[in-house]
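Structural characterization, general
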Protein chains: 2
Amino acid sequence: MRQVYLDHMAAMPVRQEALDAMLPYFREHFGNPLSLHDYGEAPREALEKARAQVARLIGAQEREVYFTSSGSEANNLALKGVMFQNAKQGKHVVVSQIEHHSILNSALTLQKLGYDATFVPVDQHGLVDPEQVAAAVRDDTILVSVIHASNEVGTIQPIAEIARQVKSKKKGVLVHTDAIQTAGTIPVNVDELGVDLLSLAGNAFYGPKGAAALYIRRGTRIMPLIDGGIQEGGRRGGTEDVPAIVGLGIAAELAQQEMPQRMAHLSALRDQLIAGLTAIDRVYLTGHPTARLPGLVSVVVEYVEGEAMLLLLNMNGIAASSGSTCTSRALKASHVLTALGLDAALAQGSLVFSLGMDNSHEDVAYVLQVFPPIVERLRAMSPLYKKS
Amino acid sequence: MRQVYLDHMAAMPVRQEALDAMLPYFREHFGNPLSLHDYGEAPREALEKARAQVARLIGAQEREVYFTSSGSEANNLALKGVMFQNAKQGKHVVVSQIEHHSILNSALTLQKLGYDATFVPVDQHGLVDPEQVAAAVRDDTILVSVIHASNEVGTIQPIAEIARQVKSKKKGVLVHTDAIQTAGTIPVNVDELGVDLLSLAGNAFYGPKGAAALYIRRGTRIMPLIDGGIQEGGRRGGTEDVPAIVGLGIAAELAQQEMPQRMAHLSALRDQLIAGLTAIDRVYLTGHPTARLPGLVSVVVEYVEGEAMLLLLNMNGIAASSGSTCTSRALKASHVLTALGLDAALAQGSLVFSLGMDNSHEDVAYVLQVFPPIVERLRAMSPLYKKS
């Protein structure tokens, strides 16, 4: 049976070049980058090389890149680190309603700890309105955080315009963007976006799990989330995961080099898949029709449950997702689809295909051949569908 | 020139068996453990296998083991997670004065955020007195955290007695121990220690960097440090670093199997090195003479600076440390040695040799041949030494 992996948003294989670069750091150059003796030298140089590679990917300075263990850690560091550090100046944070759970739940945690959070709504395409974000900014607002592109519906947000309007409403408000789905995938530049903090993760562009980064603009006041030694300029304690960071660096370099080809390839597959899927009766694209990630196809299928579709697709060798990966086992209606105004029943029929470099037009053709009978079969079992 | 690595506390090479086990999870079994399709299966099973391996190492139940990215993260999660979650019940935490920076600085951060911390002193051997810890417990005390064995002077604390006395002083007080230097090195059992939380890290027993764990006794109230999805029972968000966790599991299993042999080998080398070093004029052992880690030799050398010794040792192919790794580049007097009552000048002469399985009696003999002339040479340049 043909195997078609269309869940790159959940996980990607590490690029061979990245893995090859990592290997010497497990046993040969195993030293601690902080060590004063010779064993510290190669790991220390490797860290700084990776920092430069990541900095180049997003147009940052090297010293503005802080390594973390995951995109979620970077997001938590941004929200909690900034709010904790600046608590005397204010306790209000603004986020959108379609943030990743690492942002959303950080905001909820801050609320529990005596902070205040505003959740700005989105339109039916998942777009955040910069004016609404600016309107949510108050005298005590310290930070605004909006996801660069939704991991569930792929909509790309006007971050630059949001940052501009927020900062013209109140000077000094910090702007963070969760760019985990965009950095390494589409062009991302911290100065063009006008952000003070930006999260990225290597496993979103063929780097290993276990290495991610938070960009922190020079001069930004932030408290560590993980206190410890003097690693990462004192902003993130704990021995650096040198092999994973080396892999992240190589993956960042490759992503930058190959980005135009990757984007062209993914967009072509995406458009082919969207056209085929939405040709099926009562299958609707979610997210923005044009301002969307090159590799993300998200739909809702009326009268069918996402989980049932996933199981039948899996039986046909096709791996996909429903809602976000983090909630796929939580069996809750996606907060993102709810924010888009979809009713709970329709949101249950969510399906997300995330494409990768190794996917082909034949893969997409196979999905489009296998999927319609699956929908038909499941709908045949749905009492709601029969009545309609 | 002979190369003698005696800085295993700072970093260790990953065991070949652990690395071999990790490799398939980078590119072959690369999936996300949360995925509902087939690609999630192997990573999910690997995670749970590693969880069982780690649980066995410390006598815990599998569901009480929560993976983190580093020992520092585990320590931060323990302190901040417990204090944040239980803030309504009390805001007081008790730690010792010789904690690792990830505990010490977490306590200082909690102070900044409106919590209260007590730092219990130690005796000249670095021993914490259980009675003094219990005496520090107040009505509003939520958590006591004492390091199981110091990473700087190797003293092993009477954690079981501390837990017993603390809990008899106030029922319900939680006890955490930072067992990063002991788990995988000497026998550690959460029930025998009587702790509610315990931190361990794979890179302290030949596992990879990037994987560690916090033991959380069932029923313990704790807030995530890293909010996110439903990974790790909702207590630690972020995609799991499956390869590193697999390596941690194998390393835990090997550590458990080989522990008696490793301890015997390390203790013999340790005693040989201590005997040789303390035979040098005005070189003093720091930490406890008997209740100490099998592989840790810590001394202070009067009239000599630690950094100068490290450089000359390094020129002779010997890698060692001064104070803790996290402070070795911070050039501050070690808070641990200061807590032991050493004056700042003497503390500057700190030297830490941490032994590993691959070290031999010949390695130790080489150090004992090379080191005395280094001390002599440096003292010859010291105006203080000449005067004395």
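Quick look at the structure, then. Owing to the predicted nature of the structure, the values given are computational and were not obtained by experimental measurement.

1. Re the relation of the copies chain B and chain A
After a rotation of 180° and a shift along the axis of 0.0 Å, chain B superposes on chain A with an RMSD of 0.0 Å. Expressed as an axis order, the relation between the two copies is that of a two-fold axis. When the interface residues of chain B are mapped onto chain A, 100% of them again lie at the interface, so the same face is used by both copies.

2. Some thoughts on the interface of chain B and chain A
With 70 residues of chain B in contact, the opposing surface of chain A contributes 70 residues. When chain B packs against chain A, the two sides together hide about 5,800 Å² of surface, and 61% of this comes from carbon and sulfur. Across the contact surface, chain B and chain A share 2 salt bridges. The residue Lys80(A) makes a salt bridge to Asp227(B) at a minimum N-O spacing of 2.7 Å. In this assembly, chain B and chain A are joined by 29 residue pairs in polar contact (both at pLDDT 80 or more).

3. Focus on the packing of helix H9 (residues 242-278) of chain A against helix H14 (residues 361-380) of chain A
All names here are of chain A. The interhelical angle for the contact between H9 and H14, taken along N-to-C directions, is 15°, at an axis separation of 10 Å. With respect to H14, the element H9 is oriented roughly parallel. Like other packed secondary-structure pairs, H9 and H14 cross with a definite hand, here right-handed. Across the interface between the two elements, Ala268, Leu269, Gln272, Leu273, Gly276 and Leu277 from H9 touch His361, Val364, Ala365, Val367, Leu368 and Phe371 from H14. In terms of residue class, the contact of H9 with H14 is made up of 9 nonpolar, 3 polar and no charged.

4. Thoughts on the nonpolar core
The biggest cluster of nonpolar side chains holds 55 residues, and the ones touching the most others in it are Ile58(B), Phe67(B), Leu198(B) and Leu200(B). Sorting elements by how many residues they give to this core places helix H9 (residues 242-278) of chain B first, with 7 residues. Counting contributing residues per domain, this core is built from domain 1 (4-11 + 259-374) and domain 2 (16-254) of chain B, each supplying no fewer than three. With sequence-adjacent residues up to four places away left out, Leu200(B) is seen in contact with Val54(B), Ile58(B), Gly71(B), Ile180(B), Ala183(B), Phe205(B), Ala212(B), Ala213(B) and Leu248(B). The next biggest cluster of nonpolar side chains, apart from the first, holds 54 residues, and it includes Val173(A), Leu198(A), Ala213(A) and Leu342(A).

5. Some details on empty space enclosed by the protein
Residues and elements named next belong to chain A. Here the structure, examined in full by the defined rule, presents 8 cavities of 30 Å³ or more. Approximately 660 Å³ is the volume found for the largest cavity. In terms of lining residues, the largest cavity is bounded by 46 residues, among which His8, Met9, Ile180, Gln181 and Ala204 are the most central. Listing elements by their share of the lining of the largest cavity, those giving two or more residues are helix H4 (71-85), H9, helix H11 (325-328) and strand E12 (350-354). Looking at the lining of the largest cavity, the element that brings in the most residues is H9, giving 3 residues. Partitioned by chemical class, the residues of the lining of the largest cavity number 19 nonpolar, 23 polar and 4 charged.

6. Quick notes on the sheet that holds strand E9 (residues 283-285) of chain B
Residues and elements named next belong to chain B. Pairing is antiparallel across the open sheet formed by 3 strands, whose spatial order is E9-E10-E12. Each having just a single partner strand, E9 and strand E12 (350-354) make up the two edges of the open sheet. Between one strand axis and the next, the sheet turns through 30° on average, direction left out of account. Together, strand E10 (296-301) and E12 form the strand contacts of helix H10 (residues 306-315), whose direction differs from that of E12 by roughly 45°. Here helix H14 (residues 361-380) sits on the sheet and contacts E9, E10 and E12; the angle it forms with E10, its principal contact strand, is near 20°.

7. Brief notes about the environment of Ala275(B)
Along the chain, the position of Ala275(B) falls in helix H9. Counting along the chain gives 96 residues from Ala275(B) to Ala179(B), while the straight-line C-alpha distance between them is 27 Å.

8. Points about the pairing of strand E5 (residues 141-145) of chain B
Residue and element names in this part refer to chain B. Extensive coverage of E5 is indicated by the burial of 5 of its 5 residues. Here 4 bridges tie strand E3 (residues 92-96) to E5, and the two strands are oriented parallel to one another. Considered in E5, the bridge of histidine 92 is made with threonine 141. One ladder, built from 3 bridges, connects E5 with strand E6 (residues 174-178); its direction is parallel. Following the sheet pairing, valine 144 is matched in E6 by valine 175.

9. Some points on the pattern of salt bridges
If you walk through the whole model with that rule in mind, you get 30 salt bridges over all chains. When salt bridges that share partners are traced, they join Arg15(A), Glu17(A), Glu258(A) and Arg262(A) into one network.

Conventions we followed
- Within every chain, residues take consecutive numbers counted from 1 along the sequence as written.
- Each chain is given a letter, starting from A, and each ligand a number, starting from 1, according to the order in which they appear as written.
- In keeping with the predicted nature of the model, local features appear solely for residues at pLDDT of at least 70, side-chain atom pairs appear and are counted solely at 80 or more, and the whole-chain, interface and lining totals rest on all residues.
- As a convention, hydrogens and water are excluded, and side-chain values are obtained from all of the structure's heavy atoms.
- To superpose the copies, least squares is applied to the C-alpha atoms of every residue with a pLDDT of at least 70 in both.
- Two residues form a contact once any of their heavy atoms are found within 4.5 Å.
- In this description, buried area is defined as the sum, over both parts, of the accessible area (probe of 1.4 Å) that is lost when the two are combined.
- Salt bridge criterion: a side-chain nitrogen from Lys or Arg within 4 Å of a carboxyl oxygen from Asp or Glu.
- For the purposes of these results, a polar contact is taken to be a pair of N or O atoms within 3.5 Å, where, inside protein, one atom must be able to donate a hydrogen and its partner to accept one; residues adjacent in sequence count only when each atom of the pair is a side-chain atom.
- A fitted line through C-alpha atoms represents every axis, and for helices the fit uses only the stretch in contact; the resulting angles, taken between N-to-C directions, go from 0 to 180 degrees.
- In this description a helix means any DSSP run of H or I spanning at least four residues, a strand means any run of E spanning at least two, and both kinds are numbered starting from the N terminus.
- Between 65 and 115 degrees an angle is taken as roughly perpendicular, under 35 as roughly parallel, over 145 as roughly antiparallel, and anywhere else as oblique.
- Each helix crossing is assigned a hand: it is left-handed if the near helix lies turned anticlockwise from the far helix by less than a right angle, otherwise right-handed if that turn is clockwise.
- As a working rule, the residues Ala, Val, Leu, Ile, Met, Phe, Trp, Tyr, Cys and Pro are called nonpolar, Asp, Glu, Lys and Arg charged, and the rest polar, with Gly in that last group.
- Within this scheme, the nonpolar core is defined by two criteria: the residues are buried Ala, Val, Leu, Ile, Met, Phe, Trp, Tyr or Cys, and they are joined through side-chain atoms within 4.5 Å.
- Burial classes follow relative accessibility: with a 1.4 Å probe on protein chains only, a residue under 20% of its type's maximum area counts as buried, one over 50% as exposed, and anything between as partly exposed.
- Note that the domain bounds reflect an automated or database-derived domain assignment.
- Cavities and pockets were defined on a 1 Å grid built from protein atoms only: a cavity is a group of points that admits a 1.4 Å probe but offers it no way out, a pocket is an open group of points flanked by protein on both sides within 12 Å along at least five of seven lines, and a lining residue is one with an atom within 4 Å of any such point.
- Grid points are joined across faces, edges and corners, and a volume is the space filled by probe spheres set on the points.
- Being paired, for any two strands, means DSSP has found at least two bridges between them.

Just distances and angles here, no functional claims.
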